[in-house]
Amino acid sequence: MPSASIQYAADLDNVKEVTLQGTADLSFWEAVLRKERFFPYQEADKAVLLLSATDAKWKSFKFREFVISVGVCFEEHGTHLDGYYLPHAFNSSRLLAFSERVFFQTPYFPGDIQLESRCPVSIKLQDKTDVLLRAAMSVSDTPTTVEYQEWQGPIFLPNNSGKFFAVLAGETDHYPFSPQTDRFELKPSPRYEIFQQLIESNFVGTTWSLRNNARHAKSKTYKRDAELRFPE
């Protein structure tokens, strides 16, 4: 039978987005992803991760999200990005975080998320009284590139529990991350293993990406082996 067309449960415009792309130890993420039956997408023998904060509105709900994702391949030593693995995410709305877990089976939890989407950009994630992550650009600078980018593809959930499809698009400003002058801090948490994993895998930022008018579309959650196609 022909594959069904993806239907989006949410399709948002005017999303503000700050993303810090970085690299981490390949062998560490090979071990983590083995039980998920994936291999890390790699560049220069490093795993590639995205730490992304967004400010958006869905219907009458204003909210912010913070998402950690790992680039994955279906084949070992692959250099083709087949999708992202989503180990953890946060939403500023307890109701939306709860809805994500219950209705979409996604690993969302409530958190206090702050972001500055104009240069110099910054991200702050806090859980109750603990600041779990803080990242900030040291100075405002001219972007190295400005281009329209669009990514569409599958995002896979932990424990082989399923996948959803996303579209992330918009005019994008890129800035280099400076380990010497930019700020990046992590705090381990007994509640969220992902922060210890970022520390143990030696995550290092490489590039800031900024969008102030992005499109974010998201489908419902499908079974991992579901065959679907994007709308024409």
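Residues numbered from 1 in each chain as written. Predicted model: local features only at pLDDT ≥ 70, side-chain atom pairs only at ≥ 80, totals over all residues. Heavy atoms only, no water.

Participant: So what about the pattern of salt bridges? Which residues, and what values?
Facilitator: Inspection of the entire model under this criterion finds 10 salt bridges. The salt bridge partner of Asp11 is Arg215, with a shortest N-O separation of 2.9 Å. Remark: Arg215 occurs in strand S15 (residues 204-219) and Asp11 occurs in strand S2 (residues 8-25); sequence separation between them is 204 residues. The partner of Glu185 in a salt bridge is Arg134, and the shortest N-O contact between them spans 3.8 Å. Taken together, the positions of Glu185 in strand S14 (residues 183-186) and Arg134 in strand S11 (residues 130-136) put the pair 51 residues apart, joining distant regions of the chain. Glu185 gets classed as partly exposed once you look at its relative accessible area, which sits at 37%. (Salt bridge = Lys/Arg side-chain N within 4 Å of Asp/Glu carboxyl O. Helix = DSSP H or I, 4+ residues; strand = E, 2+ residues; numbered from the N terminus. Buried < 20%, exposed > 50% of the residue type's maximum accessible area, 1.4 Å probe, protein only.)

Participant: Which residues make up the packing of aromatic side chains, and what are the values?
Facilitator: For the coordinates displayed, the defined rule picks out 13 aromatic pairs. Ring geometry for Trp58 against Phe61: centres 6.2 Å apart, planes inclined by 15 degrees, an arrangement best described as stacked. Take Phe61: its relative accessible area is 31%, and that puts it in the partly exposed class. Ring geometry for Phe90 and Tyr192: centres 5.0 Å apart, planes at 80 degrees, overall edge-to-face. Residue Phe90 is located in strand S7 (residues 83-91), and its partner Tyr192 is located in the loop between S14 and helix H3 (193-200); the two are separated by 102 residues in the primary sequence. There is no split in this pair, since Phe90 and Tyr192 are both buried. The rings of Phe90, Phe109, Tyr192 and Phe195 are connected pair by pair, giving a single aromatic cluster. (Phe/Tyr/Trp six-rings, centres within 6.5 Å; stacked < 30°, edge-to-face > 60°.)

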